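Each chain, letter by letter, is given below.
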Amino acid sequence: MDKLPKWADVALIPLINLILALIVSGLVVALIGQDPFEALAIMVNGAVGSTYGWGYTLFYATNFIFTGLAVAIAFHARLFNIGGEGQAQLGSLGVALVCLMVPWPHWLIALPVAILGGGLFGAAWAAIPAYLQATRGSHIVITTIMFNFIASALLVYLLVSALKAPGMAPESARFVEGSHLPTAREVLGAIGIDFARTPMNVSFIVALLACWGLWLLLWRTRLGYEIRAFGHSDKAAVYAGINPVRITMITMLISGALAGLMAINAVMGEQERLLQDNVLGAGFVGIAVALMGRSHPVGVFIAAVLFGALYQGGAELEFETSIPREMIVVIQALVILFTGALDGMVRSPLEKAFLRFRRQPDKPGVPAE
Amino acid sequence: MTTMKTLLGAVAASALAAGAAMAEPGLIIDLGGKFDKSFNESAYNGAQRWVEDNDGADYLETELASEAQREQTMRRMADRGANPVVVLGFANGSTLEQVAPDYPETNFVIVDMVVDQPNVQSIVFAEHQGSYLVGMMAAMASETGTVSFVGGMDVPLIRKFACGYAQGAKAANPDVEVIANMTGTTPAAWNDPVKGGELTRSQISQGSDVVFAAAGGTGVGVLQAAADEGELAIGVDSNQNYLHPGNMLTSMVKRVDNAVYDAFTAAAEGELQTGIVVKDLSNDGVGVAMDEFNEDLVTEEMMAAVEEARAAIVSGELEVHDYTSDDSCPALTF
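Since we're looking at a predicted model, the values are computed, not measured.

**Regarding the packing of aromatic side chains**
The way to describe two aromatic rings as a pair is by their centre distance and the angle between their planes.
In step 1: Tallying each qualifying case throughout the model produces 16 aromatic pairs over all chains.
In step 2: Seen in terms of ring centroids, Trp-125 of chain A and Phe-147 of chain A are 5.1 Å apart; in terms of plane orientation they differ by 65°. Their pairing is edge-to-face. Within this pair, whereas Trp-125 of chain A is found in helix α5 (residues 107-136), its partner Phe-147 of chain A is found in helix α6 (residues 140-160), the two being separated by 22 residues in sequence.
In step 3: Classification of Trp-125 of chain A by relative accessible area gives buried; the value is 13%.
In step 4: Looking at Phe-147 of chain A, the relative accessible area reads 14%, which means it is buried.
In step 5: Ring centres of Phe-35 of chain B and Tyr-44 of chain B lie 5.4 Å apart, and the angle between their planes is 85°; this geometry places the pair in the edge-to-face category.
In step 6: Here Phe-35 of chain B falls in the exposed class, since its relative accessible area comes to 54%.
In step 7: Residue class for Tyr-44 of chain B comes out buried when judged on its relative accessible area of 16%.

Shown next as structure tokens:
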């Protein structure tokens, strides 16, 4: 029997973690002489108080959904892919090449090819660490994080040489008009809803489809079963006839492809040209999102929206108050720390509390231990 | 009646002031940090000076977090009603090109880059002229006959500094050798003092005894390394002479602070001119920093030569080649 009821596992623990993080953040804000309640109000209002806030929150959330799903599927096979950052950078390269190579007539044609390009490049970047893990036993945590640096250096190299647009800044040329993805403002404006100008675009729908697709894959297909079985016990999986090399490779390829898909939102949907550090740390936030979302697509979605709100609210906070930018990063880091790393701190007391609560009806009169 | 008039006048004046205060100017500090002791800090100081000179005036300020957030930051500034929005550095060029047309009511000011939009003021500096003057001083102060240059990111703008410097050095001493190195090819090169210091030590080991840094935050490491080795250094953008008294020959000041101050002042009076504004030696947009920290290092002879060259440049008699005009330099090969 599980120690915790399901609702406590998926909702109560993340909620307590979040509240703890907010309390500590509030203390930090109070320490630097600002009003924590006012800061919280600005953050919440900035993130979800207007269509402008929602637009940016969901734009960031789209990035985090992709990278969160990438980490989540790897977790199911008990692989820790912390290379989302590098895979997303390569994905951005793939998307940029697709958008730059062909004079696209319409986004409906450009988007599927861009998805393919971003996914393939992301998957290819994950393939080498996956192969080394599967056949040589080189630990994937080490290899994927090393590949982040290689990806970043590769992108810089390309941006100052082959892909550089005329001018002084290291950036590629602008994508053609035909590859412009409709923004939420344009889509909702067409049906008469007024929405602020934000970079949120149709990639959000692709992200939702990816959540649903991953759920189908993990819980409704034979491959998903094999991935989960391998994650629970690799020895049992091998005994059952599951090929570990194949599962490691396939899982990591899907993971890398999902991370690479982030680029259709950030690069194709917003920046519309290839820039340096276009991933904005989403690859690492994806780890926190997957942890907080318990590696379930629905959980990943909710956690991604929360982190999107945190990013957008944090940006507003910096703009509205004199709280320095570094402080905003501290607040975001505290949330990641409490929801990701310090999970056990809340979990074990809560498990004890639930066990005690359950035992009492069976043995009345026995004092709690 | 007179009292009434005065009162009405006061009310009208305060209403006007309120109207002006609503459109606060905005300043976006670029990558490299607010206190880089150089480019960004100069802009920040200009904004602060404007606040001091206009009691109770305020402005919106934010610091850029990453290359990819330029557009969001710029739009947010404009959405908040900041007018004008001042952005620093050439890297904002292509973003501003896209953003400016969406906010026809807002004026933008961009430093170091020309953006051809009806609501944009583009401020460019004649860095080659100021660099020419410090190049002359460097060659005259050098005992080894070798002077050097450390640039930030390898872009035409920084080559323009290096080219002016080399021309000045060769004008003062035709036999001088000029070594030029760039820190990197990406914006990270603006904030890499460690690498700046390494380049400086390498140049000193090649015989250089005067180093000119045009590298934003990286320059801090260059000046430190030169001071540690007991050689002379030349600062850039802000007056950096105070950093290492006794080792700072001078600084090539680029009055970004004046540019920001002037833009804020003009906008408050409703007189901001769009189009290209050139700040050069003739309007003190660039120049050579002289103060109590470097007076012992600068000889009468140097001062006379610099004054003469400055007058010749201002009058048009002497023309310093601008690297960005044809992407080549007669005095230096990169």
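Moving on from the coordinates now.
**Quick look at helix α14 (residues 325-341) of chain A**
In step 1: Across its 17 residues, α14 of chain A extends 23 Å between first and last C-alpha, which sits within 8% of the 24 Å expected from 1.5 Å per residue.
In step 2: Within α14 of chain A, the full set of buried residues consists of Met-327, Ile-328, Ile-331, Gln-332, Leu-334, Val-335, Phe-338, Thr-339 and Gly-340 of chain A.

**A look at the sheet that holds strand β2 (residues 60-63) of chain B**
Two modes of strand pairing occur in sheets, parallel and antiparallel, and in both the strands are linked by backbone hydrogen bonds.
Residues and elements named next belong to chain B.
In step 1: A sheet is described by the order of its strands in space; here six strands give the open sequence β2-β1-β3-β4-β5-β11, paired in parallel fashion. Among the strands making up the open sheet, the edge pair consists of β2 and β11 (275-279). The mean inter-strand angle of the sheet, taken between neighbouring strand axes irrespective of direction, is 20°.
In step 2: In the sheet, strand β3 (residues 85-88) pairs with strand β4 (residues 108-111) via four bridges, with the strands oriented parallel. Across the sheet, residue Val-86 finds its bridge partner in β4, namely Val-109.

**Examining helix α8 (residues 219-228) of chain B**
Residues and elements named next belong to chain B.
In step 1: Burial runs high along α8: seven of the ten residues are buried.
In step 2: Restricting attention to buried positions, one finds in α8 the residues Gly-219, Gly-221, Val-222, Leu-223, Ala-225, Ala-226 and Ala-227.
In step 3: Summarising the contacts, the buried residues of α8 are in contact with β6 (146-153), α7 (193-205), β8 (210-214), β9 (232-237) and β10 (248-254).
In step 4: Gly-230, located one to two residues past α8, shows a positive phi value of around 75°.

**Describing the interface of chain B and chain A**
In step 1: The interface of chain B with chain A comprises 31 residues on the first partner and 26 residues on the second.
In step 2: Regarding the contact of chain B and chain A, the summed buried area is about 2,500 Å², with carbon and sulfur atoms giving 51% of it.
In step 3: For the chain B face of the interface with chain A, the top three residues by lost area are Ala-68, Gln-72 and Arg-76 of chain B, together amounting to 22%.
In step 4: Counting the contacts that link chain B with chain A gives four salt bridges.
In step 5: A salt bridge links Glu-316 of chain A to Arg-76 of chain B; its shortest N-O distance comes to 3.1 Å.
In step 6: For the interface between chain B and chain A, the tally reads eleven residue pairs in polar contact (both at pLDDT 80 or more).
In step 7: Of all the elements in the fold, those that place two or more residues in the side of chain B that touches chain A are β2, α3 (70-79), α4 (93-99) and α6 (156-172) of chain B.
In step 8: Residue contributions to the side of chain B that touches chain A peak at six residues, all from α3 of chain B.

**Comments concerning the UniProt feature "domain: ABC transporter substrate-binding protein PnrA-like" (unreviewed entry) in chain B**
In step 1: The positions UniProt marks with the feature "domain: ABC transporter substrate-binding protein PnrA-like" (unreviewed entry) are residues 32-322 of chain B.
In step 2: Its end C-alpha atoms 26 Å apart, residues 32-322 of chain B is made of 40% helix and 21% strand.

Definitions and cut-offs
Residues numbered from 1 in each chain as written. Chains lettered and ligands numbered in written order. Predicted model: local features only at pLDDT ≥ 70, side-chain atom pairs only at ≥ 80, totals over all residues. Heavy atoms only, no water. Phe/Tyr/Trp six-rings, centres within 6.5 Å; stacked < 30°, edge-to-face > 60°. Helix = DSSP H or I, 4+ residues; strand = E, 2+ residues; numbered from the N terminus. Buried < 20%, exposed > 50% of the residue type's maximum accessible area, 1.4 Å probe, protein only. Expected span 1.5 Å × (residues − 1). Pairing = 2+ DSSP bridges. Axes fitted to C-alpha atoms, helices over the stretch in contact; angles between N-to-C directions. Contact = heavy atoms within 4.5 Å. Buried area = accessible area lost by both parts, 1.4 Å probe. Salt bridge = Lys/Arg side-chain N within 4 Å of Asp/Glu carboxyl O. Polar contact = N/O pair within 3.5 Å; in protein donor to acceptor, adjacent residues only side chain to side chain. UniProt positions renumbered as here; feature names shortened; annotations may be inferred.

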